[in-house]
Amino acid sequence: MLLEIDGKIVPNYDATIVPFEEGDVVTGKVVRIDKDEVLVDIGYKSEGVIPNNELSIRKSVDPNEEVELGEEVDALVLTKEDQDGRLILSKKRARFERAWRKIEAAAESGEPVNGAVIEVVKGGLIVDLGVRGFLPASLVDIRRVPNLDEYLGQTIQTKVIELNRSRNNVVLSRRAVLEEERKEQRQAILERLQPGLIIEGQISNIVDFGAFVDLDGIDGLIHISELSWSHVNHPSEILSIGQTVEVKVLDIDRDRQRISLGLKQTQEDPWQRVVDTYHVGDELEGAVTKVVAFGAFVEILEGVEGLVHISELAQQHVENPREIVAPGDEVKVKILEIDSERRRLSLSIKRVEGQVLPRRTEGVDAGDLEDMPELGLSEDVFAETPAPEFAESDVADAPEAEVAEAPEAEVEVAEEAPEAEAEVPAEEAPEAEAEVPAEEPAAEEPEADKE
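Predicted, not measured: the structure shown is a model, and the values here were computed from it. (Residues numbered from 1 in each chain as written. Predicted model: local features only at pLDDT ≥ 70, side-chain atom pairs only at ≥ 80, totals over all residues. Heavy atoms only, no water.)

(A) Looking closely at the sheet that holds strand E18 (residues 283-292). One closed barrel accounts for five strands, arranged E18-E19-E20-E22-E21; its pairing is mixed. Neighbouring strand axes in the sheet, compared pairwise and without regard to direction, differ in orientation by 50° on average. Pairing analysis gives six bridges linking strand E19 (residues 295-301) to strand E20 (residues 304-309), with the strands arranged antiparallel. From the neighbouring strand, phenylalanine 297 faces E20, where its bridge partner is leucine 307. Of the strands in this sheet, E19, E20, strand E21 (330-339) and strand E22 (344-348) are in contact with helix H5 (residues 270-277), which crosses E19 at around 85°. (Pairing = 2+ DSSP bridges. Helix = DSSP H or I, 4+ residues; strand = E, 2+ residues; numbered from the N terminus. Axes fitted to C-alpha atoms, helices over the stretch in contact; angles between N-to-C directions. Contact = heavy atoms within 4.5 Å.)

(B) Structural detail: the packing of aromatic side chains. According to the stated counting rule, one finds three aromatic pairs in the structure shown. Ring centres 5.9 Å apart and planes at 70° place the aromatic pair phenylalanine 96 and tryptophan 100 in the edge-to-face group. Here tryptophan 100 and phenylalanine 96 lie together in helix H3 (residues 91-109), a separation of four residues that amounts to about one turn. Accessibility expressed as a relative area gives 0% for tryptophan 100, which makes it buried. (Phe/Tyr/Trp six-rings, centres within 6.5 Å; stacked < 30°, edge-to-face > 60°. Buried < 20%, exposed > 50% of the residue type's maximum accessible area, 1.4 Å probe, protein only.)

(C) Expanded view of the pairing of E19. The element E19 is extensively covered by neighbouring structure, given that six of its seven residues are classed as buried. Two elements, E18 and E19, share five bridges in a ladder whose sense is antiparallel. From the neighbouring strand, valine 292 faces E19, where its bridge partner is glycine 295. Count of turn residues in the E18/E19 antiparallel hairpin: two residues. Adjacent in sequence and paired antiparallel, E19 and E20 are bridged by two residues, among which glycine 303 carries a positive phi angle near 90°.

(D) Region of interest: the nonpolar core. Counting residues in each nonpolar core, the largest one holds 24 residues, and the members touching the most others are Val298, Ile300, Leu313, Val325, Val333 and Leu347. If you list the elements that add at least two residues to this core, you get H5, E18, E19, E20, E21 and E22. Not counting the four nearest positions on each side in its chain, valine 333 is found in contact with Asp282, Glu283, Leu284, Val298, Ile300, Val308, Leu347, Ser348, Ile349 and Val352. Counting 22 residues, the second-largest nonpolar core is a separate cluster that includes Ile203, Ile224, Ile259 and Leu261. (Core = buried A, V, L, I, M, F, W, Y, C linked by side-chain atoms within 4.5 Å.)

(E) Region of interest: the confidence of the model for the protein. In the predicted model, the protein carries a mean pLDDT of 76, and 76% of its residues have values of at least 70. In the predicted structure, residues 370-451 sits below a pLDDT of 50 and forms 180 contacts with residues beyond four places in sequence or in another chain. (pLDDT = per-residue confidence, 0-100.)

(F) Region of the structure containing the sheet that holds strand E10 (residues 132-136). Sheet architecture is closed into a barrel: five strands sit in the order E8-E9-E10-E12-E11, paired in mixed fashion. In this sheet, neighbouring strand axes are inclined to one another by 50° on average, regardless of whether the strands run parallel or antiparallel. With four bridges connecting them, strand E8 (residues 113-121) and strand E11 (residues 155-164) associate as antiparallel partners. Directly across from alanine 116, in E11, lies its bridge partner threonine 155.

(G) Inspection of the side chain of aspartate 128 at higher detail. Its location among the elements puts aspartate 128 in strand E9 (residues 124-128). Looking at aspartate 128, its side chain comes within polar contact range of the side chain of arginine 95, at 3.0 Å. The residues touching aspartate 128, leaving out its near neighbours within four places in the chain, are Ile57, Arg58, Arg95, Asn114, Gly115, Ala116 and Ile118. (Polar contact = N/O pair within 3.5 Å; in protein donor to acceptor, adjacent residues only side chain to side chain.)

(H) Quick peek at the pattern of salt bridges. Applying the stated rule across the entire model yields twelve salt bridges. Two residues, glutamate 54 and arginine 93, come together in a salt bridge whose shortest N-O distance is 3.0 Å. Of this pair, glutamate 54 sits in the loop between strand E5 (48-51) and helix H2 (63-66) while arginine 93 is found in helix H3, placing the two residues 39 residues apart along the sequence. What makes glutamate 54 buried here is its relative accessible area of 7%. Using a relative accessible area of 38% as the deciding quantity, one classes arginine 93 as partly exposed. (Salt bridge = Lys/Arg side-chain N within 4 Å of Asp/Glu carboxyl O.)

Structure below.
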C-alpha cells in the first residue's frame with residue numbers, strides 16, 4: 001500500500017482502487033442523494049453515479065425512498081467513463097441479475113417467491129421481484145377478484161409458471177400457492193362434513209344454475225332448486241356475493257371433492273304450514289301466479305301454490321282459462337284436497353259461495369296460451385297430475401255432491417326438486433269437452449313438470 005519514490009515513502013493510491021470491468025457488479029456506500037441521481041463510493045478514483053432511471057424498476061421513483069445516506073448498495077457497472085469522465089452505475093440492473101438467478105432457481109424447484117405489488121395494469125398486477133413479474137387477474141386468487149386495487153402495495157407469495165430470459169418475461173400465479181395451501185385443509189373439511197349437518201359459509205360466486213358457498217377452504221354448490229321453497233328465476237334474486245348463509249349438507253362426493261348444499265332446508269317448510277293450518281273445505285284468498293291450458297295456479301302462501309283445474313274455474317264451460325282469470329288476480333279459493341304425503345293441493349274457485357268471476361272477452365283468443373313457451377311452473381308442481389276422469393257435461397249437469405267426488409288435478413310442493421324438464425305446450429293439455437259421453441273417460445291431462 002506504500003511506495004518509495006525518490007527516497008520518500010508515499011501511499012500507493014492505485015493499489016486502493018478496486019479492479020472491475022463494465023458489466024461487473026460492485027458494492028459501494030451512498031455518499032450523496034440528489035433529486036436526479038445518487039453518488040456511490042465504490043473505492044474508485046471517483047464516485048459512481050446512479051441516475052434516477054437506474055435506481056429501480058418502478059416508474060418515477062424518489063431517490064430518498066430507494067436509498068439512504070451511508071447505505072451499502074450493489075450496482076452494475078454500465079460505463080467506466082462516459083463523455084464527462086463519470087463512472088455510471090445501475091442499482092436496478094444489479095438487482096435484476098441477482099433476481100433472475102433466484103427466479104430461475106424457483107421456477108426449476110417449484111418454490112414460491114415473494115414480491116411487492118407495484119402496479120395494477122390491464123388484465124392483472126405487476127409484482128416487483130427485482131424483475132417485473134406479471135400476475136394475471138385470473139391467477140390472483142382461487143376465485144375472481146372484483147377489485148385488483150386492494151392488492152396494490154401488498155407483499156404476496158407467488159409461483160413462477162412461465163419464464164423467458166430473452167424477452168425478460170416472467171408470469172406468476174398466486175392461485176397455485178393458495179391451492180397448495182388449501183389442499184390439506186380441503187381434505188380435512190371433507191372428512192369432518194357429513195350429510196345432514198347445518199354449517200355456515202359465505203357466498204363466493206353466483207351462476208345461472210345456483211350459488212357456490214365457501215366453507216372455510218372448499219366450495220359447495222347450492223343448486224337453484226335447493227335455494228327456496230318458492231320458485232326462483234335466478235339465484236341473484238335472493239343471494240349476493242359475500243353474504244353469510246346457513247346451509248344443510250345434502251350430499252358429499254369425496255372422490256371428486258364436491259359438496260351439495262341446500263338453503264331451503266334451513267328455512268321453514270311452507271307445506272308444513274298448510275298441513276298444520278288448513279283443512280279440506282277451508283276458504284282463503286290467494287293470487288293467480290300462472291295460467292296454463294288446463295287451469296290456473298294460485299299462491300295461497302309464499303312458496304305454496306295450488307292448482308285450480310279448468311273445470312273448477314266457473315260453473316259454465318270454459319274453453320280458455322284466461323276467460324276467467326289472469327296472472328295477478330286476487331281470488332278466493334276453496335280447498336278440495338290436501339295430499340300431505342305427495343304434497344299436493346287442489347283448489348276450486350267456482351265452489352266459493354257467493355263468488356262469480358266475470359267472463360273476459362277482450363284480449364282472449366285460442367292462441368293466447370299457446371304463445372307462452374315458458375310456463376314457469378312452480379317447482380311445487382309434479383308431473384304425474386291425472387286429469388279428472390269425467391266429462392265436462394257431467395260437471396254442468398251433476399248435483400254438487402257428485403262433482404265433489406270427482407278426482408281433481410293436483411299440485412304439490414316438491415321436497416326433492418328434480419331436474420327441469422321440457423315445458424308443457426298449451427295444445428297438449430286437452431280439456432274435457434261437452435260432446436264426450438259421460439261414460440267415456442276424459443283425455444289424460446299432460447304432465448306439469450317443475451322447473
